[in-house]
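Structural overview for review
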Amino acid sequence: MAAKKGPSGVATLINGAGFLAAVILVLHIVLVLFKLPSENGLAGSVQGAAQPLALFFPGLVHTTNVQLQVLLDYGLAAAFWVLIASLLARLFG
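Small disclaimer: the values here were computed from a predicted structure and weren't measured. (Residues numbered from 1 in each chain as written. Predicted model: local features only at pLDDT ≥ 70, side-chain atom pairs only at ≥ 80, totals over all residues. Heavy atoms only, no water.)

Looking now at the overall build of the protein. Along its length, the protein carries three helices and zero strands. At 16 Å, the protein has a C-alpha radius of gyration far larger than the 12 Å of a compact globule built from 93 residues. Along the longest, intermediate and shortest principal axes, the C-alpha atoms of the protein span 60 × 30 × 20 Å. The long-range share in the protein, meaning contacts at least 24 apart out of those at least 6 apart in sequence, stands at 61%. About 6,200 Å² of surface is accessible on the protein, with carbon and sulfur atoms providing 73% of the total. (Helix = DSSP H or I, 4+ residues; strand = E, 2+ residues; numbered from the N terminus. Rg over C-alpha atoms; globule rule 2.2 N^0.38 Å. Contact = heavy atoms within 4.5 Å. Areas by Shrake-Rupley, 256 points an atom, 1.4 Å probe, with all protein chains shown as cover.)

The next point concerns the packing of helix α1 (residues 9–33) against helix α2 (residues 41–53). Between α1 and α2, the shortest axis-to-axis distance is 9 Å and the interhelical angle comes to 125 degrees. Put simply, α1 runs oblique to α2. Relative to α2, α1 is oriented so that their crossing is left-handed. Between α1 and α2, the residues in contact are A21, I24, L25, L27, H28 and L31 and A43, V46, Q47, A49, A50 and L53, respectively. Residue composition of the contact of α1 with α2, grouped by class: 10 nonpolar, two polar and no charged. (Axes fitted to C-alpha atoms, helices over the stretch in contact; angles between N-to-C directions. Parallel < 35°, antiparallel > 145°, perpendicular 65-115°, else oblique. Left-handed = near helix turned anticlockwise from the far one by under 90°. Nonpolar A, V, L, I, M, F, W, Y, C, P; charged D, E, K, R; others polar.)

Below, the discussion takes up helix α3 (residues 66–92). In this model α3 runs 39 Å from its N-terminal to its C-terminal C-alpha over 27 residues, within 8% of the 39 Å that 1.5 Å per residue would give. Within α3, the full set of buried residues consists of Q69, V70, D73, Y74, A77, A78, A85 and A89. Tucked inside the fold, the buried residues of α3 contact α1 and α2. At the N-terminal end of α3, a side-chain oxygen is found 3.0 Å from the backbone nitrogen of Q67, two or three residues along, and the residue is N65. (Expected span 1.5 Å × (residues − 1). Buried < 20%, exposed > 50% of the residue type's maximum accessible area, 1.4 Å probe, protein only. Polar contact = N/O pair within 3.5 Å; in protein donor to acceptor, adjacent residues only side chain to side chain.)

Over its 13 residues, α2 runs 19 Å from end to end, which matches the ideal 18 Å to within 8%, given 1.5 Å per residue. Packing partners of the buried residues in α2 comprise α1 and α3. With a side-chain oxygen positioned 3.0 Å from the backbone nitrogen of L42, the residue opening α2 is N40. A positive phi of about 55 degrees marks L55, the residue just after α2.

Nonpolar side chains tend to gather and get buried jointly when the protein is soluble and globular. Membership of the largest hydrophobic core is limited to 10 residues, which are A22, L25, I29, A50, A54, F57, V70, Y74, A77 and A78. Elements represented by at least two residues in this core include exactly α1 and α3. Sorting elements by how many residues they give to this core places α3 first, with four residues. (Core = buried A, V, L, I, M, F, W, Y, C linked by side-chain atoms within 4.5 Å.)

Take a look at the structure:
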């Protein structure tokens, strides 16, 4: 009987999708922290992709600092996507 060598293709695909979602969210955080205006083409595109990925996290925790608010909102969403992707990959892997 052959030993299982690694994760299945489905598990790899799920992990990749979760990682990609997290990368988009973290990129949005970095662009906001460096105060790149959203009128910029790259920043606007990243913001447009990050907003639906943030799900219900924006406004979950309230702070007075705008940069900290973005860090919490989108950082929690990035951690969520990585966690969910890894759990699903383990389930399907």
